[in-house]
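Next come the chains, spelled out residue by residue.
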Amino acid sequence: MKALTQGRYLGRDGEAALFDVGLGATIAIRILEGDIGRVTLKPQDGYRLDRGWSIAPGGLEPPYEGRPRDDLSGFTCPKASVSEGEGKVTLSAGGLSAEVTLSPFGIAWRRDGKAEPFLQDRTTQAYLISPRTGAVAHFMARDYAERHYGLGDKAGPLDRTGRRFAIDAVDPCGFDAELSDPLYKMLPFFIVDGKAGAHGVFYDNLSTGSVDLGCTLDNYHGLFRSWKGDDGDLDYYVMAGPTVPDVVKRFSWLTGGQAFAPRWSFGFGVTSMAIADAPDADARISDFIAKCRKHAIPCDSFHFGSGYTQIGQRRYAFNWNRDKFPDPLATMKRLNKAGMHTVANLKPCLLDDHPRLKEALDQGFLVKDAKTGEPAVAQFWDGLGFHIDYTNPKGRAWWRAGIESALLDHGFTTVWNDNNEYEIWDEDAVCDGDGRPFRQALARPAQPLLMTKLSYETQAAREPGKRQYSITRGGCAGISRYAQTWSGDNETAWKTLRYNLTQGLNMSLSGMFSIGHDVGGFHGPTPGPELFVRFNEFCALWPRMVMNSWNDDGVVNLPWMYPEMVPQVREAIGLRYRLMPYLYTQMWRASRDGIPAVRPLLYDFPQDAAAIAVDDVFMLGPDVLVAPVLEEGARERAVYLPQHEGGWYDWHNGEHYPGGVTVTVPAPLGRLPLFVRAGALIPLGDAKGISDEREVLVCGVVEGASGELYEDDGETADWRGAGATLIRFHVRNGEVAIEQQGDAKPRVNKIAIRQIGQ
């Protein structure tokens, strides 16, 4: 690679400052909002990829063909001023400034009124490009005290400092939640938090690469962190913060926000490859429905593993195995009658003997090998196959028709986009690009994003008045506009609990607010009774709670797999439904305001140094602290309660504790340690999720305290408008006052008041 160390100011380009940095390349620096800056490098021959799919400011939806890289729509682009000094050029607008040193070339970002930069390029060789390979790199100065978060679904501790991560995606079935890398998503976004406050950096680049957050030490350069792209463009966005919540909210806004899913999608759900793979799959589903009723387990969704598509042992998108499912529509109706929505697993690869492969070959909508003109071959489940190209209009039309005729017409509610990491390692693979082809290595994760966008829109076209629910395992920044996601095919191990927790928190800080984990673990040895119960407790209060498994011995994770533990499992699931009105309200907040429902303590208690270091608990909204048991054999749990005036209350017995202390509480199997903030007013439902009555839990009477409950019919597309009702609670003169906003009639018939504490 070649370092770009000398800059020459070329003048203004609209509100941008433009610099010649050598080798025919230019760098444009813009201030898009008062707290968002952007740096774009354009090589001599133009962009490597002149479009993207992640940037969607304020929900401004990119077309299937992508948003042009130079498109500034959706940004206010405040009027900028440029001043020149001795060897420096400063661009300022809207409370943000970028000071550019010309030799050696580098940028320092400052907030108005602050002398010290919050982000500064390292002073030695900050920008590198490779005219030969297309690789690019960016190096920033780093401080010892800074902490790093984000990067999506990465393994390991909450603080990423000192680690290097691959920006890549594979199918790591049974992954080690502490050590495995890469996982499923490609998301080069991170948050830096330290003495200068918090800021975020996002690289709008969809090629493979790496992020180094202090793993590499080099005596010639001082402390630094870096991003490298194996190809593509150096085009990054700076979010100025100055707090972690500010950065998270702004990144969510930048990439289009989080889709607000229907209420049923936040209920308990079940899937298993073993059920749909079984020769008597239809009978097993009937048995599942009966056992839910027998054991009084509420269940809102049943997710079909790909076994419904089998011919022999291989799987074929849009095929129905009529031996196992002689009447699919009748199967769906049985599930619907039991109150369960149905979700179809769907994979984007056609095996080399797929019954409909000739259609795809004749219409030419598979990802191709540019040299041979034939479909690019990839290793997939059960053999070799070819991937659908969602940048090809013909491919999208064929896929949409398949979703409609093979899935929705047969009664499925929605689509689960799975195994969509696009592991096509053919270096000559090319995508249609809606008539403007590009090498697929430049934008692999755009394919799962477009796959999910397509399934979302296909469902929405059928039911235009309803909110849609989609799921995707793979993708990049922007997938949250359409879908829920999860941590993937986790291992059935104790340490999975510990590190799925921090994996999920970093996903949430990365703009993926609707997330969860496979209950019980997906792959490995069958979880024992204790681990199984702790998994249910652990997963009970994430936005997604789906029991999913493919255990080594074929045993299926189901709520009744250990008869002696059914009461404990029922207790964990019941707790979820008890708190559903609160969870649902928090997910509404996440979609409306960019505020994650699940977050680490540092999000809500940034001034508490002890809380910042805690990564074995999480907050559900601003009021509920969740402390799952993570260790085998433990029957109590030590929990640090953050500093908070008025302290905290134990959910289970109402005992009061001061803030800023560590307490140890009982944690027998079936009891998830849970604490509520003093002053909180928390809306609750019933443990079965069927009652239209609500209860407000008053956690100590604190004058001026407030809370809220969002209510709608659970599926209206008009959740921002007339279809919504917001009920607010206030403590006034020692009493709880209730007021309703919005004209829609709420589902709630009665709201009771229950108080704990004084």
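In this text, all values refer to a predicted model and were calculated from it rather than measured experimentally.

Bringing the state of the cysteines into the picture now. Within the structure shown, the criterion is met by 0 disulfides. Left without a disulfide partner, C292 is nearest to the cysteine sulfur of C299, which lies 4.8 Å away. The exposure class of C292 is buried, given its relative accessible area of 5%. A relative accessible area of 9% means that C299 is categorised as buried.

This part covers helix 10 (residues 566-578). Spanning 13 residues, helix 10 covers 18 Å between terminal C-alpha atoms, matching the ideal 18 Å at 1.5 Å per step. Restricting attention to buried positions, one finds in helix 10 the residues V566, Q568, V569, A572, I573, G574, L575, R576 and Y577. Next to the buried residues of helix 10 lie strand 23 (268-272), helix 9 (529-539), strand 39 (544-547), helix 11 (580-593) and strand 47 (674-677).

According to UniProt, the "domain: Glycoside hydrolase family 31 TIM barrel" (unreviewed entry) feature falls on residues 259-586. A helix fraction of 35% and a strand fraction of 17% characterise residues 259-586, whose end C-alpha atoms lie 13 Å from each other.

Checked against the element boundaries, N500 lands in helix 8 (residues 494-509). For N500, a relative accessible area of 0% gives the class buried. Within the structure, the side chain of N500 is placed 2.9 Å from the side chain of Q503, a separation counted as a polar contact. Apart from residues no more than four positions distant in its own chain, N500 is found in contact with F175, A177, S487, N490, H517, F538 and W542.

If charged atoms from side chains of opposite charge come close, those side chains can pair. Under the counting rule described, the total for this entry stands at 63 salt bridges. As a salt-bridge pair, D176 and K495 come within 2.8 Å of each other at their nearest N and O atoms. Residue D176 is found in the loop between strand 16 (164-167) and strand 17 (185-186), and its partner K495 is found in helix 8; the two are separated by 319 residues along the sequence. Here R534 ties to E537 by a salt bridge, and the two come within 2.9 Å at their closest N and O atoms. With R534 and E537 both in helix 9 and 3 residues apart, this pair spans about one turn of that helix. A residue is classified by how much of its surface remains accessible, and R534, at 0% relative accessible area, is buried. When its relative accessible area of 2% is taken as the criterion, E537 is described as buried. Salt bridges sharing common partners tie together D171, K347, D418, E421, R473 and D489.

We now examine the UniProt feature "domain: Glycoside hydrolase family 31 N-terminal" (unreviewed entry) in the protein. The positions UniProt marks with the feature "domain: Glycoside hydrolase family 31 N-terminal" (unreviewed entry) are residues 27-212. As annotated, residues 27-212 has a helix share of 0% and a strand share of 44%, and its two end C-alpha atoms lie 23 Å apart.

Before going further, it helps to examine helix 8. Spanning 16 residues, helix 8 covers 24 Å between terminal C-alpha atoms, matching the ideal 22 Å at 1.5 Å per step. Judged by how many residues are buried, helix 8 sits mostly within the fold: 14 of 16 residues are covered.

Turning our eyes to something else, we now look at the packing of aromatic side chains. Pairs of aromatic rings are described using the distance from one ring centre to the other and the angle between the two planes. Enumeration according to the criterion identifies 44 aromatic pairs in this entry. Note on W264 and Y469: the rings are 5.1 Å apart at their centroids and 85° apart in plane angle, and the pair reads as edge-to-face. Of this pair, W264 sits in the loop between helix 1 (244-254) and strand 23 while Y469 sits in the loop between helix 7 (446-462) and strand 35 (470-472), and the two are 205 residues apart along the sequence. The two residues W264 and Y469 agree in class, both being buried. Look at Y584 and Y710: their rings are 5.9 Å apart centre to centre, the planes differ by 45°, and that puts the pair in the tilted class.

Throughout the structure, instances matching the rule amount to 7 cavities of 30 Å³ or more. In this structure, the largest cavity occupies an estimated 100 Å³ of space. In terms of lining residues, the largest cavity is bounded by 13 residues, among which T309, R315, Y316, A317 and K347 are the most central. Those elements giving two or more residues to the lining of the largest cavity turn out to be strand 27 (341-346) and strand 28 (349-351). When its residues are assigned to classes, the lining of the largest cavity shows 8 nonpolar, 3 polar and 2 charged.

All right, on to the side chain of R67 then. Positionally, R67 belongs in strand 7 (residues 67-68). Of the side chains with opposite charge, D71 comes closest to the buried, unpaired R67, at an N-O distance of 4.2 Å. Separated by 2.7 Å, the side chain of R67 and the backbone oxygen of S73 make a polar contact. Here R67 is in contact with D50, R51, G52, I55, P57, L60, P62, L72, S73 and F75, once residues within four sequence places are set aside.

It is worth spelling out the pairing of strand 47 at this point. Here strand 47 shows two buried faces, one formed by L674 and V676 and the other by F675 and R677. Pairing analysis gives 3 bridges linking strand 42 (residues 624-626) to strand 47, with the strands arranged antiparallel. In the sheet register, V624 faces strand 47, and the bridge partner there is V676. Bridging between strand 44 (residues 648-650) and strand 47 involves 3 bridges; their strand directions are antiparallel. Across the sheet, the residue bridging to W648 is R677, located in strand 47.

Moving on, we get to the pairing of strand 4 (residues 25-33). In terms of burial, strand 4 is largely enclosed, as 8 of its 9 residues are buried. For strand 3 (residues 16-22) and strand 4, the ladder comprises 5 bridges, and the chain directions are antiparallel. Paired with D20 across the strands is T26, a residue of strand 4. Connecting strand 3 to the antiparallel partner strand 4 that follows it, the hairpin turn spans 2 residues, and L23 within it adopts a positive phi of roughly 55°. Bridging between strand 4 and strand 5 (residues 36-42) involves 7 bridges; their strand directions are antiparallel. Bridging across to strand 5, A28 finds its partner in T40. Between strand 4 and strand 5, which pair antiparallel in sequence order, lie 2 residues.

Cut-off values and rules
- Residues numbered from 1 in each chain as written.
- Predicted model: local features only at pLDDT ≥ 70, side-chain atom pairs only at ≥ 80, totals over all residues.
- Heavy atoms only, no water.
- Disulfide = S-S within 2.5 Å.
- Buried < 20%, exposed > 50% of the residue type's maximum accessible area, 1.4 Å probe, protein only.
- Helix = DSSP H or I, 4+ residues; strand = E, 2+ residues; numbered from the N terminus.
- Expected span 1.5 Å × (residues − 1).
- Contact = heavy atoms within 4.5 Å.
- UniProt positions renumbered as here; feature names shortened; annotations may be inferred.
- Polar contact = N/O pair within 3.5 Å; in protein donor to acceptor, adjacent residues only side chain to side chain.
- Salt bridge = Lys/Arg side-chain N within 4 Å of Asp/Glu carboxyl O.
- Phe/Tyr/Trp six-rings, centres within 6.5 Å; stacked < 30°, edge-to-face > 60°.
- 1 Å grid on protein atoms, 1.4 Å probe; cavity = no way out; pocket = protein on both sides within 12 Å on 5 of 7 lines; lining within 4 Å.
- Points joined across faces, edges and corners; volume = space filled by probe spheres on them.
- Nonpolar A, V, L, I, M, F, W, Y, C, P; charged D, E, K, R; others polar.
- Lys, Arg positive; Asp, Glu negative; His and termini not counted.
- Pairing = 2+ DSSP bridges.

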